[in-house]
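Fold and geometry: a report
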Amino acid sequence: MTTILVTGGTGTLGRLVTERLRAEGHELRVLSRHSRPYAVDLREGGPGLDAALDGVETVVHCASSPRGGDEQAADHLIAAARRAGVGHLVYISIVGVDRVPFGYYRSKLAVERRIEESGLGWTVLRATQFHDLVVTVVQGLAKSPVVLVPSGVSDQPVEVAEVADRLAELALAAPAGRVPDMGGPEVRTLDSLARACLRATGRRRPVLGMPLFGKTYRAFRAGGHLAPEQAVGKGTFEEYLARRFGQ
C-alpha cells in the first residue's frame, strides 16, 4: 500500500483521482485550502504542507488556478517534497502549453519546467480541455442574446473521468517523464460545441463566429491546443451532455 497525496483533491479532477486510488487500497491524503486535516494554501506553504507530506511516497499535483499563483505553489510543493523524500511527483498539464502564448498556459509550462528540474522522480501528462469546462464557457456566453465564439477555432474535449483513470495509473507506476498527450475522441468547431450545449439545455440562441486578433488567437486557430494524433479518449461531448442534462 502506497501513501499518496493529491493536491486539489476536492476539485473536478482531483476528487476522481482520489476515489480511484483509494479504491485500489492506497492511503490517500487530500490537500486543498479547506480540506482538513490537510487544509493548506500551496501559494503560502508552511508547516502544514510539511505535515501533509510526511511519509508520502507519491504526489499527484492537480491543484491549479487560472487566477494565478501556480508557479509559487509549485515552488512550495517541490521544496517540501524534497524535504519529505517524496519519490514521485505526477503533474496534470494542458495540451499546447508550449505552443499557445496564453497566460495560464505559460504558467502551466513554467510549472512543468520546475518539476523537470526538481531532482524528484516525475511524470507529466498533458490533456485537452474537459467537457464540463466547455459547458461552463458556453453557459456564460449564453447569458447574452447572441452566443459569440471565436471564429475558426476548434476544441477536443475529453472526459474528466478518463483523465482521472490515466493519472491514477501513472501515479502507481514508476516516474515516466513526459508521457503522451491525452485528447478527446473528436476535434469539433467551437460553434458546433456551443450549438450542442444549447440544444441539451433547451436554450435558443443564435451562435455567431467572431474574428479576434493577436498571437494567442492565431495559435488557437492553428490548433496548437489540440492533439488529434492522440485522440485516445472515448467519451463524446454528446454523451456527456446526455448524462449531465438527462437527455
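The residue numbers shown here count from 1 along each chain, following its written sequence. Where local features are concerned, this predicted model is filtered to residues with pLDDT of at least 70; where side-chain atom pairs are given and counted, the filter is 80 or more; whole-chain, interface and lining totals use all residues. Just so you know, side-chain values use all the structure's heavy atoms and leave hydrogens and water out.

1. Considering the overall build of the protein chain
Helix numbering and strand numbering both begin at the N terminus, where a helix is a DSSP run of H or I of at least 4 residues and a strand a DSSP run of E of at least 2. Within the protein chain, the regular secondary structure consists of nine helices and ten strands. A compact globule built from 247 residues should have a C-alpha radius of gyration of about 18 Å, and the protein chain, at 19 Å, falls within 12% of that. Only protein chains enter the calculation, and the probe is 1.4 Å; a residue is then buried if its accessible area is under 20% of its type maximum, exposed if over 50%, and partly exposed in between. By residue count, 52% of the 247 residues in the protein chain fall in the buried class. Throughout, a contact is declared for two residues whenever any of their heavy atoms are within 4.5 Å. Pairs at least 24 apart in sequence give 81% of the contacts found in the protein chain among residues at least 6 apart. All radius of gyration figures rest on C-alpha atoms, and the globule criterion is 2.2 Å times the number of residues raised to 0.38.

2. Some words on the pairing of strand 6 (residues 147–150)
Sheet faces and side chains relate simply in a regular strand, where the side chains alternate between the two faces. Residue alternation in strand 6 divides its side chains into a buried set, V147 and V149, and an unburied set, L148 and P150. Sheet topology note: the strand 6/strand 10 (residues 207–210) ladder contains four bridges and is parallel. Within strand 10, the position partnered with V149 by the bridge is G209. At least two DSSP bridges between two strands are needed for those strands to be called paired.

3. Some points on a nonpolar patch on the surface
Together, V146, L148, L208, M210 and L212 line one region of the surface with nonpolar side chains, adding up to about 360 Å² of accessible area. Structurally, V146 can be placed in the loop between helix 5 (131–141) and strand 6. Take V146: its relative accessible area is 31%, and that puts it in the partly exposed class. A patch is a set of surface residues, each over 30% in relative accessible area and not in a salt bridge, joined within 9 Å for like charges and within 5 Å for the nonpolar side chains Val, Leu, Ile, Met, Phe, Trp and Tyr. Areas reported as accessible are Shrake-Rupley estimates using a 1.4 Å probe. Residue values count occlusion only from the protein chains shown. Salt bridges are defined as contacts in which a side-chain nitrogen from Lys or Arg sits within 4 Å of a carboxyl oxygen from Asp or Glu.

4. Observations concerning the packing of aromatic side chains
Geometrically, a pair of aromatic rings is defined through the distance of the ring centres and the angle of the planes. Only the six-membered ring of Trp is used, alongside the rings of Phe and Tyr, when aromatic pairs are assigned; centres must lie within 6.5 Å, and planes under 30 degrees apart are stacked while those over 60 apart are edge-to-face, with the rest tilted. By the definition in use, this model includes four aromatic pairs. Ring geometry for F102 and F220: centres 6.2 Å apart, planes at 65°, overall edge-to-face. On the criterion of sequence distance, the pair formed by F102 in the loop between strand 4 (88–94) and helix 4 (103–116) and F220 in helix 8 (residues 215–221) is long-range, its members being 118 residues apart. Accessibility expressed as a relative area gives 37% for F102, which makes it partly exposed.

5. As for the nonpolar core
Residues grouped as a nonpolar core are buried Ala, Val, Leu, Ile, Met, Phe, Trp, Tyr and Cys residues, joined through side-chain atoms within 4.5 Å. Among the nonpolar cores identified, the biggest contains 27 residues, and Y105, V147, F237 and L241 are the most heavily contacted of them. Considering each element in turn, this core owes the most residues, seven residues, to helix 7 (residues 190–201). Not counting residues within four places of it along the chain, the set of residues in contact with Y105 comprises I94, V95, G96, V97, V100, Q129, F220 and H225.

6. Section: helix 9 (residues 237–245)
When we look at burial in helix 9, the residues that qualify are F237, Y240 and L241. Viewed end-on, helix 9 has its buried residues packed into an arc of 100°, placing them on one side of the element. Residues of helix 9 that are buried make contact with helix 5, strand 9 (188–189) and helix 7. Just beyond helix 9, the residue with positive phi is G246, at close to 70°. Note: the arc covers the axis-to-C-beta directions of the helix.

7. Let's talk about the side chain of T128
Along the chain, T128 turns up in the loop between strand 5 (122–127) and helix 5. Note on T128: relative accessible area 4%, which makes it buried. Think of a polar contact as two N or O atoms within 3.5 Å of one another; within protein, one of them needs to be a possible hydrogen donor and the other a possible acceptor, and neighboring residues in sequence only count if both atoms come from side chains. In terms of polar contacts, T128 uses its side chain to reach the backbone amide nitrogen of G184, at 3.3 Å.

8. Let's talk about the packing of helix 1 (residues 12–23) against helix 6 (residues 160–171)
In this description, a line fitted to the C-alpha atoms serves as the axis of each element, helices being fitted only across the stretch in contact, and the angle between N-to-C directions of two axes falls anywhere from 0 to 180 degrees. One can describe the packing of helix 1 onto helix 6 by two numbers: an axis separation of 8 Å at closest approach and a directional angle of 50°. Between helix 1 and helix 6, the interaxial angle falls into the category oblique. Both helix 1 and helix 6 take part in a crossing whose hand is right-handed. Residues T12, L13, L16, V17, R20 and L21 of helix 1 form the contact with helix 6, whose participating residues are V160, A161, V163, A164, D165, L167, A168 and A171. The labels follow the angle: roughly parallel below 35 degrees, roughly antiparallel above 145, roughly perpendicular from 65 to 115, and oblique for the rest. By convention, the crossing between two helices is left-handed when the near helix turns anticlockwise from the far helix through less than a right angle, and right-handed when the turn is clockwise.

9. Structural notes on the pattern of salt bridges
Overall, the coordinates contain 15 salt bridges when judged by the stated rule. A salt bridge links D191 to R195; the shortest N-O distance between them is 2.8 Å. Note that D191 and R195 are positioned in helix 7 at a spacing of four residues, about one turn of the helix. Three or more residues joined by partner-sharing salt bridges are found here, namely E71, D75 and R114.

10. Examining the packing of helix 3 (residues 70–84) against helix 4
Two elements in contact, helix 3 and helix 4, have axes separated by 9 Å at closest approach and are oriented at 15°. Taken together, the axes of helix 3 and helix 4 are roughly parallel relative to one another. Our pair here, helix 3 against helix 4, has a crossing hand that is right-handed. Contacts between helix 3 and helix 4 involve D70, E71, A74, D75 and I78 from the former and Y104, S107, K108, A110, V111, R114 and I115 from the latter. Tallied by class, residues from the contact of helix 3 with helix 4 come to six nonpolar, one polar and five charged. All residues other than Ala, Val, Leu, Ile, Met, Phe, Trp, Tyr, Cys, Pro, Asp, Glu, Lys and Arg, Gly among them, are scored as polar; the first ten of these are nonpolar and the last four charged.

11. Considerations on the side chain of S154
Inspection of the secondary structure puts S154 in strand 7 (residues 154–155). Taking the relative accessible area as the measure of exposure, S154 reaches 17% and is therefore buried. What S154 contacts, discounting residues up to four positions off in sequence, is V187, R188, T189, L190, H225 and L226.

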